[in-house]
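For reference, the chains in residue letters:
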Amino acid sequence: MNQTTNNTFNSGMTDEDWFNLGKSDAWAGKPKVPPEQDSQAASMYELGYSEGEIKHPPTEAKQADR
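Fair warning: this is a prediction, and the values are worked out from it, not measured in the lab.

Draft legend 1. Just the nonpolar core, in detail. Met-13, Trp-18, Phe-19, Ala-26, Ala-41, Met-44, Tyr-45 and Tyr-49 form the largest nonpolar core, which has 8 residues in total. Those elements giving two or more residues to this core turn out to be helix 1 (15-28) and helix 2 (39-54). No other element matches helix 2, which puts 4 residues into this core. Among all residues touching Tyr-49, those that are not within four sequence positions of it are Gly-22, Lys-23, Asp-25, Ala-26, Lys-30, Pro-31 and Lys-32.

Take a look at the structure:
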C-alpha cells in the first residue's frame, strides 16, 4: 500500500508519485525542487531525481537505438 504524504506543495501525492516526479524533472532538465514541508516526500523526490540523472528517459533510449 502506498502511503500518502501530507504536504502543502501538492497534498495527496504518494511516495511513488514524488519519486516519479523527481525522475521526470531530472529527465526534463528542470532544477531540483523537492517539497519543503514534508521530509518523506522530499526524500522520495530526491531519490527519483538522482535516478533520473543516471538513467535516460525511455524515449531517449529508443531514439539512440535507431
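Draft legend 2. Local environment of the packing of helix 1 against helix 2. Direction vectors running N to C along helix 1 and helix 2 enclose 40°, while the axes themselves pass 6 Å from each other. Classed by the angle they form, the pair helix 1 and helix 2 counts as oblique. Between helix 1 and helix 2 lies a crossing of right-handed hand. Across from Asp-15, Trp-18, Phe-19, Leu-21, Gly-22, Lys-23, Asp-25, Ala-26 and Trp-27 in helix 1, the residues of helix 2 making contact are Gln-40, Ala-41, Met-44, Tyr-45, Leu-47, Gly-48, Tyr-49, Glu-51, Gly-52 and Glu-53. Taken together, the residues that form the contact of helix 1 with helix 2 break down as 10 nonpolar, 4 polar and 5 charged.

Draft legend 3. Representation of the environment of Asn-20 within the structure. Inspection of the secondary structure puts Asn-20 in helix 1. Overall, Asn-20 belongs to the partly exposed group, its relative accessible area being 38%. Between the C-alpha atoms of Asn-20 and Tyr-49, which are 29 residues apart in sequence, the distance is 8.2 Å.

Draft legend 4. Representation of the environment of Asp-25 within the structure. Mapped onto the fold, Asp-25 is located in helix 1. Separated by 20 residues in the primary sequence, Asp-25 and Tyr-45 place their C-alpha atoms 9.4 Å from one another. Aside from chain neighbours lying at most four places away, what touches Asp-25 is Lys-30, Tyr-45 and Tyr-49.

What counts and what doesn't
Residues numbered from 1 in each chain as written. Predicted model: local features only at pLDDT ≥ 70, side-chain atom pairs only at ≥ 80, totals over all residues. Heavy atoms only, no water. Core = buried A, V, L, I, M, F, W, Y, C linked by side-chain atoms within 4.5 Å. Buried < 20%, exposed > 50% of the residue type's maximum accessible area, 1.4 Å probe, protein only. Helix = DSSP H or I, 4+ residues; strand = E, 2+ residues; numbered from the N terminus. Contact = heavy atoms within 4.5 Å. Axes fitted to C-alpha atoms, helices over the stretch in contact; angles between N-to-C directions. Parallel < 35°, antiparallel > 145°, perpendicular 65-115°, else oblique. Left-handed = near helix turned anticlockwise from the far one by under 90°. Nonpolar A, V, L, I, M, F, W, Y, C, P; charged D, E, K, R; others polar.

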